[in-house]
Amino acid sequence: MTAFAASHREVAAQLMSRYAIFIVLVLVYFLAVAISDAFLVPTYIFNVVRQVAPVGIAAIGVTYVMILGGVDLSIGAVISLTSVLCAVQMNGDQANVAMAIAISCAAGAAIGTINGIAVALTRVSPFVLTLGTGVAVLGLTQIYSGGTARGIVAPGFREVFNYRIGDVVPVLAIAFLALAVLGLLVQRFTVFGRQLFLIGSNRRAAHLSGLSMARVTILAYALSGLFGGFAGIALLARSGVSNTLSGQGLEFQVLAAVVLGGTTFEGGRGGVAGTIAGILVLVIAFNLVNISGLPYHMQLVVMGTIIIVASAVYGQISARS
Amino acid sequence: MKIIRGLFLSVGVLASAGMIANPVFADQAADAAQTAKAAESVDTSAFKKGGPYKIGVSAGYLSNSWVVFALQHVRWEASKHSEIGDVVVTDAAFNPAKQISDIEDLLRQNIDLLIYWPVDDRAIADALKRAVEAGVPTVQAGGGFTDNPGTVSNAYISQWQLGEMVARRLMTDLGGKGKIIAMLPIAGTTAAVDQLDALQTVLKEYPGVELASIEYGDWNRAKAKQITENLLQRFPKIDGVFSPAGQMSIGVAEAFDEAGRIGEVTMSPGDEYNGWLKWVEKNKEGGAVTFPTRAGQVAVKIGFRILKGESVKRGTAVPSAYIAPADISKYVDQKAPDDWWASELPAEFLPKQ
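Just so we're clear, the structure is a prediction, and the values are computed from it rather than from any experiment.

Engineer: What is the right way to read the overall build of chain A from this model?
Structural biologist: The secondary structure content of chain A amounts to 14 helices and two strands. What you see for chain A is a C-alpha radius of gyration of 20 Å, in line with the 20 Å of a compact globule of 321 residues. Here chain A holds 321 residues, and 55% of them are scored as buried. Across chain A, contacts joining residues at least 24 apart in sequence account for 77% of those joining residues at least 6 apart. Element-wise, carbon and sulfur atoms account for 70% of the exposed surface of chain A, whose accessible area totals about 13,100 Å².

Engineer: Is there a simple way to explain helix α9 (residues 246-258) of chain B in this structure?
Structural biologist: Residue and element names in this part refer to chain B. Helix length check: α9 (13 residues) gives 18 Å between terminal C-alpha atoms against 18 Å at 1.5 Å per residue, within 8%. When α9 is considered as a whole, its buried residues turn out to be Gly246, Gln247, Met248, Ser249, Ile250, Gly251, Val252, Ala253, Glu254, Ala255 and Phe256. Residue Gly260 follows α9 closely and has a positive phi angle near 70°.

Engineer: Is there a simple way to explain the pattern of salt bridges in this structure?
Structural biologist: Any two side chains of opposite charge can pair, on the condition that their charged atoms come close. Per the stated rule, a full pass over the model turns up 25 salt bridges over all chains. Across the pair Lys223 of chain B and Asp218 of chain B runs a salt bridge whose closest N-O atoms are separated by 3.0 Å. Here Glu264 of chain B makes a salt bridge to Arg261 of chain B, at a shortest N to O gap of 2.9 Å. On the accessibility criterion, Glu264 of chain B (22% relative accessible area) is partly exposed. Judged by relative accessible area, Arg261 of chain B falls into the buried class, the value being 15%. Sharing partners across several salt bridges, the network here consists of Arg50, Arg158 and Arg164 of chain A together with Arg221, Lys225, Glu229, Glu254, Glu258, Lys278 and Asp338 of chain B.

Engineer: Would you mind showing me how to read the sheet that holds strand β10 (residues 266-267) of chain B here?
Structural biologist: Residues and elements named next belong to chain B. Spatially, four strands are ordered β8-β7-β9-β10 in an open sheet, and the strand pairing comes out parallel. Strands with a single pairing partner mark the edges of an open sheet, and in this sheet they are β8 (209-216) and β10. Note: strand β7 (residues 178-184) against strand β9 (residues 240-242), three bridges, orientation parallel. Within the sheet, the bridge partner assigned to Ala182 lies in β9 and is Phe242.

Engineer: Please clarify how the interface of chain A and chain B should be interpreted in this entry.
Structural biologist: How big an interface is tends to be expressed through the accessible area that disappears when the partners come together. Contacts between the two partners involve 48 residues from chain A and, on the opposite side, 40 residues from chain B. Summed over both sides, the interface of chain A with chain B buries roughly 3,600 Å², with 57% coming from carbon and sulfur. Summed over the shared surface of chain A and chain B, the number is four salt bridges. Across the contact surface, chain A and chain B share eleven residue pairs in polar contact (both at pLDDT 80 or more). Top contributing element to the side of chain A that touches chain B by residue count: helix α13 (residues 272-291) of chain A, with seven residues. Across the side of chain A that touches chain B, the residue classes tally to 23 nonpolar, 19 polar and six charged.

Engineer: Where do I start with the packing of helix α5 (residues 97-121) of chain A against helix α6 (residues 126-145) of chain A in this structure?
Structural biologist: The description of two packed helices rests on the angle between their axes and on the distance between the axes. All names here are of chain A. For the pair α5 and α6, the least separation of the axes is 10 Å and the interaxial angle reads 150°. Regarding α5 and α6, the two cross each other, and that crossing is right-handed. Here Ile111, Asn115, Ala118 and Val119 of α5 lie close against α6, whose contacting residues are Pro126, Leu129, Thr130, Thr133 and Val137. For the contact of α5 with α6, the residue count by class is six nonpolar, three polar and no charged.

Engineer: How should I be thinking about the sheet that holds strand β13 (residues 315-317) of chain B in this particular structure?
Structural biologist: Each strand in a sheet pairs with another by means of backbone hydrogen bonds, the pair being arranged parallel or else antiparallel. All names here are of chain B. With parallel pairing, the six strands of this open sheet are ordered in space as β3-β2-β4-β5-β6-β13. One side of each edge strand has no neighbouring strand; the edge strands of this open sheet are β3 (84-91) and β13. Direction aside, the axes of adjacent strands within the sheet are offset by 20° on average. Across five bridges, the pairing between strand β2 (residues 53-59) and strand β4 (residues 113-117) is parallel. The residue of β4 that forms the bridge with Gly56 is Leu114. Contacting β2, β3 and β4, helix α4 (residues 96-108) runs over the sheet at an angle of about 175° to β2.

Engineer: Looking at this structure, how should I read the nonpolar core?
Structural biologist: Most often, soluble globular proteins have nonpolar side chains that are buried together. With 182 residues, the main nonpolar core has Met90, Phe157 and Leu288 of chain A together with Ile115 and Trp117 of chain B as its most contacted residues. In terms of residues, this core owes the most to one element, helix α3 (residues 42-67) of chain A, which gives 15 residues. Taken domain by domain, this core gets at least three of its residues from each of domain 1 (11-20 + 159-289) and domain 2 (35-157 + 292-320) of chain B. Ranked by size, the runner-up nonpolar core spans eleven residues in total, among them Val88, Leu114, Ala127 and Leu128 of chain B.

Engineer: So what exactly am I meant to see when it comes to the packing of aromatic side chains here?
Structural biologist: By convention here, two paired aromatic rings are described through the distance between centres and the angle between planes. Following the criterion strictly, the structure yields 13 aromatic pairs over all chains and no others. Ring centres of Tyr19 of chain A and Phe22 of chain A lie 5.9 Å apart, and the angle between their planes is 50°; this geometry places the pair in the tilted category. For Phe22 of chain A, a relative accessible area of 26% translates into the label partly exposed. Plain terms: the ring middles of Tyr64 of chain A and Phe192 of chain A are 6.0 Å apart, the flat faces sit at 80° to each other, and that makes the pair edge-to-face. Taken together, the residues Tyr64 of chain A in helix α3 and Phe192 of chain A in helix α9 (residues 191-201) connect sequence positions 128 residues apart. Given the relative accessible area of 10%, Phe192 of chain A is considered buried. Joined through ring pairs, the aromatic side chains of Tyr64, Phe192, Phe227 and Phe230 of chain A make up one cluster. Above the face of the Trp76 of chain B ring, Lys80 of chain B is positioned so that its terminal group lies 4.1 Å from the ring centre. If you follow Arg169 of chain B out to its NZ or CZ, it ends over the ring of Tyr322 of chain B, 4.0 Å from the centre.

Engineer: What exactly am I supposed to notice about unusual backbone geometry here?
Structural biologist: Apart from glycine, the bulk of residues carry a negative phi angle, and the bulk of peptide bonds sit in the trans form. Cis geometry marks the peptide bond from Gly51 of chain B to Pro52 of chain B, where omega comes out at 0°. With respect to the element layout, Pro52 of chain B can be found in the loop between β1 (41-42) and β2. At Asp167 of chain A, a position not held by glycine, the phi torsion is positive, near 65°. On the secondary structure map, Asp167 of chain A appears in the loop between β1 (164-165) and β2 (169-170). Its relative accessible area of 63% is what places Asp167 of chain A among the exposed residues. The phi torsion at Asp218 of chain B lies on the positive side, around 55°, for a residue other than glycine. For Asp218 of chain B, the location among the structural elements is in the loop between β8 and α8 (221-234). Residue Asp218 of chain B is classed as partly exposed on the basis of its relative accessible area, which comes to 25%.

The rules behind each value
Residues numbered from 1 in each chain as written. Chains lettered and ligands numbered in written order. Predicted model: local features only at pLDDT ≥ 70, side-chain atom pairs only at ≥ 80, totals over all residues. Heavy atoms only, no water. Helix = DSSP H or I, 4+ residues; strand = E, 2+ residues; numbered from the N terminus. Rg over C-alpha atoms; globule rule 2.2 N^0.38 Å. Buried < 20%, exposed > 50% of the residue type's maximum accessible area, 1.4 Å probe, protein only. Contact = heavy atoms within 4.5 Å. Areas by Shrake-Rupley, 256 points an atom, 1.4 Å probe, with all protein chains shown as cover. Expected span 1.5 Å × (residues − 1). Salt bridge = Lys/Arg side-chain N within 4 Å of Asp/Glu carboxyl O. Pairing = 2+ DSSP bridges. Buried area = accessible area lost by both parts, 1.4 Å probe. Polar contact = N/O pair within 3.5 Å; in protein donor to acceptor, adjacent residues only side chain to side chain. Nonpolar A, V, L, I, M, F, W, Y, C, P; charged D, E, K, R; others polar. Axes fitted to C-alpha atoms, helices over the stretch in contact; angles between N-to-C directions. Left-handed = near helix turned anticlockwise from the far one by under 90°. Core = buried A, V, L, I, M, F, W, Y, C linked by side-chain atoms within 4.5 Å. Domains from an automatic or database assignment. Phe/Tyr/Trp six-rings, centres within 6.5 Å; stacked < 30°, edge-to-face > 60°. Lys NZ or Arg CZ within 6 Å of the ring centre and 35° of its normal.

The structure is reproduced here in structure tokens:
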């Protein structure tokens, strides 16, 4: 009986640990509802999901890389490049939309692949390497665009992504959620997903089991770049202008969401679901201070405090279990 | 829930009380002092020399479309003077330390005139002073007025006067009453501080207009839209929007439009950002108060006069102008990207599309 109770507690503790970020998300959401009724309005909630789509989509790919024990700091630059590339390739003509999207995704995946090959085949730290790639890609974007936002978004492109199904749910929000589900399925149900966790938690065991670590590493970074491409397209759909610096700084929001979601820099743990919860915590924190009507500087103080408290609560729940 | 909400708001209100109580006339006075200072004459005889001239441009950054257009104006004006040979451009990419070395590098290349826009005025003050001491005149282009000893003359744009023009037009369009919101650039920048101060000064004349919320959209269309989506939840009715920067005005207008509330609101003029001009032409309201990219051209003209030994003023204001919605079709380019500026640049000097 005691043994049963103990194991029962253990299971409960494990569940708490696994779902800690979701508990935090629910708490932050209730706080938001307490501050403003807007968080009960479906149109507004889906606005919030749409706001976070570009960063959220990018965070899915970066989660794979971080489960592996790596990091991708070039993601912000990839978002800027692919967003400019997509607008230039569209050139204001609907007929070019499919090709523009394909080229942007290919560019993102190509940069990710280069990152992956360099990480897999050299001893350079992924931190420094992807930082370098980010700087170089930023330079390429500036050269390509000449500093201005070149390219014109084709008519219909933004209208499709911002169309509200049933007057409530924007297509861009659906696209983000669909990619999140896809990312989760890849992580949970593919061999590649399990290999990520094995390499991240025990490189030697992975090596000894005959796993091609280079192949998995390259694929993980390529996916990170590909999702960066999707994020660039999502940003273009949201903002409508391919500013050359539009993705600048987003890498920090991405990393914050991934880490808050339980994926660590050491690798081997975490996952896409946690990342999505992490990104929602961050965006709700921003919106709730903004909607509360606090003066701007106070908003920063309160938002920072919410993020700190959220991560402390998360750490506490995880540690107890 | 009400208790939590009450607690949350009262803590915020108390803590921020000090921030709201800033001296309203500080920047209006500063603007007047700046205008007086700018009218002073500068003795340029020490810089007089014969051509051909080599112009150095030390750009604090080249990564937004406005400065790219300003730089093209520098090149255009330089091309009109046969005595001006090379135009050498460096980009500090928002790095104050790099701008110091850029200026030193340009001096080593024996430039005859230095045109610059700063990342940070104070960081490069010494480097500019060394340039002047070495006989190279310096002209600041497009930023706020500065009277550092290292800056011989300025081609400047007053954010305060621009803000005042935008505010007055909005008050007229609103009929002098209603609830408005302000969408400003990055908090703490001269642009945000001066524009807000101008708005608050004008508002004193319009007691019927209430400034319900001051927001900072960081010159970012997506962020301005996100913030406006929140404001639309907070306020059941918003009568007007003060937004001098066109790229943010589009984000604001989009959020109103999507919420089905664009009919209730009067948009203030934005600037001559092409995406905004497209919106004005379509909706026949708002108009524009320009933030002229020809500041680069004015800087070259001033520099050329200095090299000829002619007397110049400490600062030449490049004035903003109002363009009514009915006249916007002369300025908008429907075929150009949104991130583009209405200007008089000839085709061969326009940035590539």
